[in-house]
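Structural overview for review
Each chain, letter by letter, is given below.
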Amino acid sequence: MSANQSPAGKQPTATYDSAFLKACRREPVPHTPVWFMRQAGRSLPEYRKVREGVPMLESCMRPELVTEITLQPVRRHGVDAAIYFSDIVVPLKAIGVDLDIRPGVGPVVERPIRTRADLARLRDLTPEDVSYVTEAIGLLTAELGGTPLIGFAGAPFTLASYLVEGGPSRNHENTKALMYGDPRLWADLLDRLADITAAFLKVQIEAGASAVQLFDSWVGALAPADYRRSVMPASAKVFDAVAGYGVPRIHFGVGTGELLGLMGEAGADVVGVDWRVPLDEAARRVGPGKALQGNLDPAVLFSSRAAVEAKTDEILTAAADLEGHVFNLGHGVLPTTDPDALTRLVEHVHTRTAR
């Protein structure tokens, strides 16, 4: 564990009393904290400039570049937390999976994993495999001071979907065929991915991350019964593996309105909510004892300032009685978003919720 820890040995001292971590712990906050998924990305001209000519996966393996990109939205928008710049397939690449991130397509796996023999290609992840992550987080925490850094990883189901499909998929037909047709192999695949994911999150926490988020981007494609039976055990294994560190654990998926309660049950301290379910209703579905994160539709940011503020106020009103609330979008920042709209949004939430 990092030397920069609180007296309780659980969270970095410099960030422990930040608004973001207080909200995650469901404690009183000076204002509702704000950060955005994909806040360090294509919407920022400074990001496009430093990424010019650098492939995505390579950019994730350059500590100085990762540091600069991660810091950009903190400098520009004044967000309450930074999120480590990476990609969910980085740990898979690190253990030797032959994949690439193709512009305009996304992660593409050269040889999809669909048989028991293929499982042997998924070896354990060691800290040495991702030494650049440890280095980058060391650089970042030195720069961020009291601003928390969120580590992240892709959840087992979403990683499995990429591996089985060979790339992004609209219907996940190969993934579901394996899940339904060979449940034992499916369980073993997700269990292996849970170990890899947990190891990746541990590296980030031990290097100094103040919280972690598990992205299950595609899990909204499943019915609740299938999630409980075929996915939840692996996600729970990841959360259990990092529980001892005492850092908040956030769980997020897209189109997961019917799964919110189960996603909280899997072990998250904070449940991310997309824009399809109002936060007060999401709180009812999740139940007590969890903070919520969300949930402005990213497309709203293309509207007028007055419209953005009106929709934001609706969300803050719905969140008024929550045990803890972290303001975020219902998914990632869209690439053509005006960065100034994000800056104004942060200012509006801070002003509107100042206590």
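Located above this text is the structure these notes cover.
Conventions we followed
Residues numbered from 1 in each chain as written. Predicted model: local features only at pLDDT ≥ 70, side-chain atom pairs only at ≥ 80, totals over all residues. Heavy atoms only, no water. Helix = DSSP H or I, 4+ residues; strand = E, 2+ residues; numbered from the N terminus. Buried < 20%, exposed > 50% of the residue type's maximum accessible area, 1.4 Å probe, protein only. Contact = heavy atoms within 4.5 Å. Pairing = 2+ DSSP bridges. Axes fitted to C-alpha atoms, helices over the stretch in contact; angles between N-to-C directions. Phe/Tyr/Trp six-rings, centres within 6.5 Å; stacked < 30°, edge-to-face > 60°.

A closer look at the environment of Val254
Inspection of the secondary structure puts Val254 in the loop between strand E6 (249–253) and helix H12 (260–265). Look at Val254 and you get buried, because its relative accessible area is 17%. Those residues within four positions of Val254 in sequence are excluded, and the remaining contacts are Asp216, Ser217, Gly220, Asp274, Arg276 and His331.

Re the sheet that holds strand E7 (residues 270–272)
Strand-to-strand pairing in sheets goes through backbone hydrogen bonds, with the strands running parallel or antiparallel. If you trace the 7 strands from one edge of the open sheet to the other, you get E1-E4-E5-E6-E7-E8-E9, paired in parallel fashion. The open sheet has two free edges, formed respectively by strand E1 (82–83) and strand E9 (325–329), since each of these has just one partner strand. Summarising the sheet, E6 and E7 pair through 2 bridges and their orientation is parallel. Bridged to Ile250 within E7 is Val270. Running at roughly 160 degrees to E6, helix H11 (residues 232–242) makes contact with strand E5 (211–216) and E6 of the sheet.

Regarding the packing of aromatic side chains
Evaluated as defined, the whole model comprises 5 aromatic pairs. Taken together, a centroid distance of 5.8 Å and an interplanar angle of 65 degrees make the contact between Tyr47 and Phe85 edge-to-face. Of this pair, Tyr47 sits in helix H2 (residues 45–51) while Phe85 sits in the loop between E1 and helix H5 (90–94), and the two are 38 residues apart along the sequence. Tyr47 sits in the buried class, given a relative accessible area of 5%. Classification of Phe85 by relative accessible area gives buried; the value is 6%. Arranged with centres 5.9 Å apart and planes meeting at 65 degrees, the rings of Phe157 and Trp186 form a pair that is edge-to-face.

Topic: the pairing of strand E3 (residues 106–109)
Pairing between strand E2 (residues 99–102) and E3: 4 bridges, direction antiparallel. Considered in E3, the bridge of Leu99 is made with Val109. Counted along the chain from E2 to the antiparallel partner E3, the turn is 3 residues long, and its residue Gly104 has a positive phi close to 80 degrees.

Just geometry here; none of it tells us what the structure is for.
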